[in-house]
Amino acid sequence: MTSANRDLVERSLAAVWHPCTQMKSHERFPLVPIARGVGPWLEDFEGRRYLDGVSSWWVNLFGHAHPALNAALSDQAGRLAHVMLAGFTQQPVVELSERLAALAPGRLGHAFYASDGASAIEIALKMAFHHAANRGEPKRTRFVALAGGYHGETAGALGVTDVPLFRAAYGPLVHASLVAPFPGDDPDATALGALLARHAGEVAALVVEPLVQGASGMRMYPAAWLTRARELCTEHGVLLIADEIMTGFGRTGTFFACEQAGIAPDLLCLSKGITGGFLPLSCVLCTDHVYGAFYDDDVTRGFLHSHSYTGNALACRVACAVLDLFRDEDVLAGNRARAARFSQAALPLARHPAVRNFRHLGMIWAFEVATATPDFARHAFTRALDRGVLVRPIGHTVYFMPPYVIDDAQFSLLVDAGLDIAQVLGTGA
Ligand SMILES: Cc1ncc(COP(=O)(O)O)c(C=O)c1O
């Protein structure tokens, strides 16, 4: 490592507490210094490049340093970076809210903003509960979540997150949800229906990741389950919260995953790709019905939640520029063609003897590796990194979730890294 790389790593290990990390593990596994990003590439101070196969934790849609997003950001910075949104408004937040409402399924015409995915989930849970209370049903204090669901790691969001690794340590702090089976194990939603019936009048909302559970290993399930879940929610007077924080903005092939089930949720949570990976921003869209339950002369019936950076003008302006790219470059059609070619290119991987359950949806590819390698995910990450590819397996699941600007040759680098991982770390057992 050059001194610039080494210096940054040493200072970072001394001063920065990195997320989702047992810091001691960096005694064995490298911390990677990054100096700049261009397109799908990340680059260190020596010019060593890594292909960003996970879109920097699923946020980066159009590559790093995209000129149109850079331009929107610097233009907005010269006008207005931020003004508090309580009692004030500004152009980017209004434009973004109108455009998201127009794109969303159903009539989700009211947008509430925060800065990250978990905060959007907190907002949706609080809104769902408060909505029921304002409508005279204060006993609806419970939420239903899905086995294997992930909705973020603040205390409220952990209550609807079913990933023991993230949740177990905080059990006593968590308002545990009711857990319905993973849709793949309950294809007709019969168990979900029975759960809602058993807890009639107690449940404020069902929260789901539509079509793909990301953090528990890119677990995909059929759209028909979601269609049925929508019907069941309506039958039982339960709000449906669609967490499209990962699936939104074209990741599953449609702009929102809910479209594939032909449904509209009552609350739609968005973040990650909303600014193309430029700035932290999240949003909860809700219906007139939900909004109307708060609209009153009584202040305490209002939704008094806030964050200092709610509706940040820089972030909203970049999010509008992301929507411009979708509109002007017909990104969804481009991705359909791209995904068809990439799936062909991935066939050798799908057929590798150590690869199990190869699957694909939109711009996500995932598979399990049959392996006996201890700490497989870290070793696979390090191997791929040595080949100049950033993939970050979850358990034994390897996945590719590249920025939408990746080309065929670059996708082949991901496939080659996957083959190397399967060949060297997989047993084929
Ligand atoms: C589906 C889903 N919901 C919520 C979150 C939490 O978002 P954040 O990490 O921005 O808090 C994530 C993050 O991975 C996610 O994938």
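Residues numbered from 1 in each chain as written. Predicted model: local features only at pLDDT ≥ 70, side-chain atom pairs only at ≥ 80, totals over all residues. Heavy atoms only, no water.

Caption draft 1: Region of the structure containing the side chain of His-64. When you line up the elements, His-64 lands in the loop between helix H2 (55-58) and helix H3 (67-77). On the accessibility criterion, His-64 (15% relative accessible area) is buried. There is a polar contact of 2.9 Å between the side chain of His-64 and the side chain of Asp-52. (Helix = DSSP H or I, 4+ residues; strand = E, 2+ residues; numbered from the N terminus. Buried < 20%, exposed > 50% of the residue type's maximum accessible area, 1.4 Å probe, protein only. Polar contact = N/O pair within 3.5 Å; in protein donor to acceptor, adjacent residues only side chain to side chain.)

Caption draft 2: Highlighting the sheet that holds strand S2 (residues 41-43). Here four strands make up an open sheet; going across it, the order is S1-S2-S3-S15 and the pairing mixed. Of all the strands in the sheet, the pair left with one neighbour each is strand S1 (36-38) and strand S15 (389-390). Relative to S15, strand S3 (residues 49-52) runs parallel, the two being bridged by two bridges. The partner of Leu-51 across the bridge, within S15, is Val-389. (Pairing = 2+ DSSP bridges.)

Caption draft 3: Representation of the layout of surface pockets within the structure. In this structure, the second largest pocket encloses a volume near 790 Å³. In terms of lining, the second largest pocket is formed by 31 residues, of which the most central are Ala-111, Phe-112, Tyr-291, Phe-303 and His-305. Looking at the lining of the second largest pocket, the element that brings in the most residues is strand S4 (residues 110-114), giving four residues. Class assignment for the residues of the lining of the second largest pocket results in 18 nonpolar, eleven polar and two charged. (1 Å grid on protein atoms, 1.4 Å probe; cavity = no way out; pocket = protein on both sides within 12 Å on 5 of 7 lines; lining within 4 Å. Points joined across faces, edges and corners; volume = space filled by probe spheres on them. Nonpolar A, V, L, I, M, F, W, Y, C, P; charged D, E, K, R; others polar.)

Caption draft 4: Fine view of the packing of H3 against helix H11 (residues 313-329). Remark: H3 packs on H11, axes separated minimally by 9 Å, with the N-to-C direction vectors making an angle of 145°. The crossing of H3 and H11 is right-handed. Residues Ala-68, Leu-69, Ala-72, Leu-73, Asp-75, Gln-76 and Ala-77 of H3 pack against Ala-313, Leu-314, Arg-317, Val-318, Ala-321, Val-322 and Leu-325 of H11. Counted by class, the contact of H3 with H11 contains eleven nonpolar, one polar and two charged residues. (Axes fitted to C-alpha atoms, helices over the stretch in contact; angles between N-to-C directions. Left-handed = near helix turned anticlockwise from the far one by under 90°. Contact = heavy atoms within 4.5 Å.)

Don't take any of this as a statement about function, it's just geometry.
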